[in-house]
Amino acid sequence: MSKVAEQTINSFLSFKLDRETFGVNVNKVIEILEVPHITKIPKSPAFMRGVINLRGTVLPVVDARLKFGLKEIADSVNTCIIVFNIQVAKEQVMVGALVDAVQEVFDMDESQLMPPPSIGGKFRTDFIRGMARNEDDFVMMLDVDKIFASEEIINLQQEVEAVKA
Amino acid sequence: MKLTIKARLIVAFVLLVSIAGTMYYLGTANTETLNSRLGTIIDLNVRRMNLAGKIAEGVQLLTKREKDMILTREADRLDYLVEEFEKNQKILESRTEELRSISDEAGVEIVDDFSNSWESYIKEYKKIKNLAVTINNDSTKVAAALISRSTARENARAAIESINKIVKKNEAALVTANEEADVLYESGKNNMLILLVISVLVAIGVSTWIIVSISSSIAKAKEALKAVSEGNLTYEVDNSSKDEIGELLDFLKNTVEKLKEVIGSVTTAADNIASASQQMSGSSQQMSEGATEQAASAEEVSSSMEEMAANIQQNTDNAQQTEKIALQAAEDIQEGSRSVNQTVDSMKKIAEKITIIGEIARQTNLLALNAAVEAARAGEHGKGFAVVAAEVRRLAERSQLAANEINELSSSSVAIADKSGKLLEQIVPNIQKTARLVQEITAASLEQNAGAEQVNGAIQQLNQVIQQNAASAEEMASGSEELSSQADQLKDTVSFFNIGHQSQFSQSRSNKRKKQHVPVVHLNGNGVPKKATTAKTGLQLELNGHDSMDSDFERF
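Just so it is clear, the structure is predicted and the values come from calculations on it, not from any experiment.

What counts and how
- Residues numbered from 1 in each chain as written.
- Chains lettered and ligands numbered in written order.
- Predicted model: local features only at pLDDT ≥ 70, side-chain atom pairs only at ≥ 80, totals over all residues.
- Heavy atoms only, no water.
- Helix = DSSP H or I, 4+ residues; strand = E, 2+ residues; numbered from the N terminus.
- Buried < 20%, exposed > 50% of the residue type's maximum accessible area, 1.4 Å probe, protein only.
- Contact = heavy atoms within 4.5 Å.
- Patch = residues over 30% accessible without salt bridge, like charges linked within 9 Å, V, L, I, M, F, W, Y side chains within 5 Å.
- Areas by Shrake-Rupley, 256 points an atom, 1.4 Å probe, with all protein chains shown as cover.
- Salt bridge = Lys/Arg side-chain N within 4 Å of Asp/Glu carboxyl O.
- Lys, Arg positive; Asp, Glu negative; His and termini not counted.
- Charge placed at Lys NZ, Arg CZ, Asp CG, Glu CD.
- Pairing = 2+ DSSP bridges.
- Axes fitted to C-alpha atoms, helices over the stretch in contact; angles between N-to-C directions.
- Core = buried A, V, L, I, M, F, W, Y, C linked by side-chain atoms within 4.5 Å.

(A) Representation of the overall build of chain B. Across its full length, chain B holds seven helices and two strands. Tracing chain B from N to C terminus, the helices and strands come up as α-α-α-α-α-α-α-β-β. Within the span of chain B, comprising 556 residues, buried residues form 32% of the whole. A sequence separation of at least 24 residues applies to 79% of the contacts in chain B between residues at least 6 apart.

(B) Spotlight on a negative patch on the surface. Together, Glu-74, Asp-76, Asp-79 and Glu-83 of chain B give the surface a local cluster of negative charge. Position of Asp-76 of chain B relative to the elements: it lies in helix α2 (residues 75–102).

(C) The arrangement of the sheet that holds strand β1 (residues 11–17) of chain A in detail. Across the sheet, which stays open at both edges, the five strands sit in the order β8-β1-β2-β10-β9 (chain A) with mixed pairing between neighbours. Only two strands of the sheet have a single partner each, and these edge strands are β8 (101–107) and β9 (128–134) of chain A. Between one strand axis and the next, the sheet turns through 30 degrees on average, direction left out of account. Bridge count between β1 of chain A and strand β2 (residues 20–25) of chain A: six bridges; the pairing is antiparallel. Residue pairing for β2 of chain A: Phe-15 of chain A is matched across the bridge by Phe-22 of chain A. Its contacts with the sheet put helix α5 (residues 244–378) of chain B on β1 and β8 of chain A, and the angle it makes with β8 of chain A is roughly 30 degrees.

(D) A look at the pattern of salt bridges. The full count for this structure, using the stated rule, is 29 salt bridges over all chains. For Lys-146 of chain A, the salt bridge is made with Asp-143 of chain A, and the minimal N-O distance between the two is 4.0 Å. On the basis of relative accessible area, Lys-146 of chain A is assigned to the partly exposed category, the value being 47%. The partner of Arg-100 of chain B in a salt bridge is Asp-112 of chain B, and the shortest N-O contact between them spans 3.0 Å.

(E) Local environment of the nonpolar core. Ranked by internal contacts, the top residues of the largest apolar core, which has 39 residues, are Leu-13, Phe-84, Leu-142 and Phe-148 of chain A. Considering each element in turn, this core owes the most residues, five residues, to strand β6 (residues 80–88) of chain A. The residues contacting Leu-13 of chain A, other than those within four sequence positions of it, are Phe-22, Gly-23, Val-24, Val-26, Val-29, Ile-32, Ile-82, Val-102, Glu-104 and Val-105 of chain A together with Leu-369 and Val-373 of chain B. Ranked by size, the runner-up nonpolar core spans 37 residues in total, among them Leu-62, Ile-70, Ile-110 and Val-167 of chain B.

In short, geometric facts, not functional conclusions.
And the structure:
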């Protein structure tokens, strides 16, 4: 919620998309869910899978694969929804992201992060905070706010509001 | 002369027959002449003489009657005499007329003389009759007797003389005729004699011609046949005549040629037979040895067959055991198949349970992650809990991995067990089929056993036959040697005939004799022909000896 909190908490949740491992600060994570029934929303963009009922609140669910420009695959038993708490225009919004698998929670110092590559990456690098080594693999640390900080989410929010209404 | 004997004989006989015909004709002509002459004599002269005799007799009778009239007085007797006289007078006159008719001119004159004399006598008779018969007294009787003794007697004598003249004349004619007949006979005899001589000459000539021609040919034939009978077939038959004997000689020539060919071929055939029988003897000896080897082989085959029969028996036993084992195996495998199916079911259940465990582990994992997230957010205060959550998460992860592994293993086990079950189920019919096949093998083995026994029996028979063959071959060897000696004998016999290359033939024979060491075979049963020291000609078979094969035969 605050920068201080973020700085103090150096724990990261790692998950997998396709064959890449990504990490996000647990500070942004509210919880991890199994995939329940997802209510589709008409006329929504492709990466919007729909909304779910999270203990009475409506939570929009984004397919992270589609969001990251990966190929859509069918859900497996390991497919989970990570519920993020993101800040959009100084407003806290909860968003569900559909990932292939959740791996673990690990601790890492910010200083250990390596800078993201300038070229050759699959993804836009502005929302990658850095690269971390985890054994032989690289874990890309994502800035969740930047990923979802778009009008889409606002629109999504509005749509959700509309659905609520 | 190109005439055949038949033609010659025909010519000869025709000549002789024609001569005989001529002789017959001439003889017949002579006889006819003689016959006509004889006819003349008998018809005229003899008849005339006969008539003359009868007339003379009648004259005598009538004169006698006339005398009786004179001498008799009885009226009856006189009447009878007159009647008798007149009757005989008529007969006499008719005979006189007959005589006249058959007489020649001279005869007729004599008959006329007789008639005149007779008429004179009849005049006298009528006077006597008148005196003696009509008047009939002593005086007239005397007168009549007077007349009778004078004129009547004169006339009667004249008449008889005339008749006698006729008789004499005819007798002279008879003598003449006899002389003529003699002349005719002489001429006929001469003719016949001439013809006889001619015919004898002709017959001698013709027969000489025929005999000479035939006998020369027959002599040639005789010479040729003599040469052939002495065995000389080189004799050249000289034949110039074309008659039947010439043909006979031609045929004889052909016969000799053919005989020469036949003898030549018989000689070569005998030579061939001799050499062939030598070869045959050797061959049959080999055959005998071969038959002995065959017998040994058959014995070996028989023992092999017995071993084979034993093997087949063992095969049969093994096959029966195999069948039992296969049936047992089929049952066991069915049992195994059922067990495997049960195992598969159990494993499927295990897999389901493991899936549940996996699910639980996964959910535990999620819960642990959530807990870890919460603990991390709690910061320093959540550190211990974070460690616990991480441990729980790790355990859950391991559980899940283990569950997954078990699941995979059980899946593969199920698949394998399933496959095993199916394979076992597939094996069952195969094994049952195997059992059936083994049963068939058993039956086949039994049949094989029977077949092997039959083969064994057949081989025994074969063995007997082979031994018989061996005996036959030995007999054949001795038979061929006998044949060889027969061929030599045949050659000896045929060598009687000389067919031109006699010297060559005999030379070859003598050469052969030198080359051939003529064996004298003693069939004494030990099978080894002994060679005799005194080999003379041909194969000398000592058949008087006794050997083992003689016991099969009866001696007569």
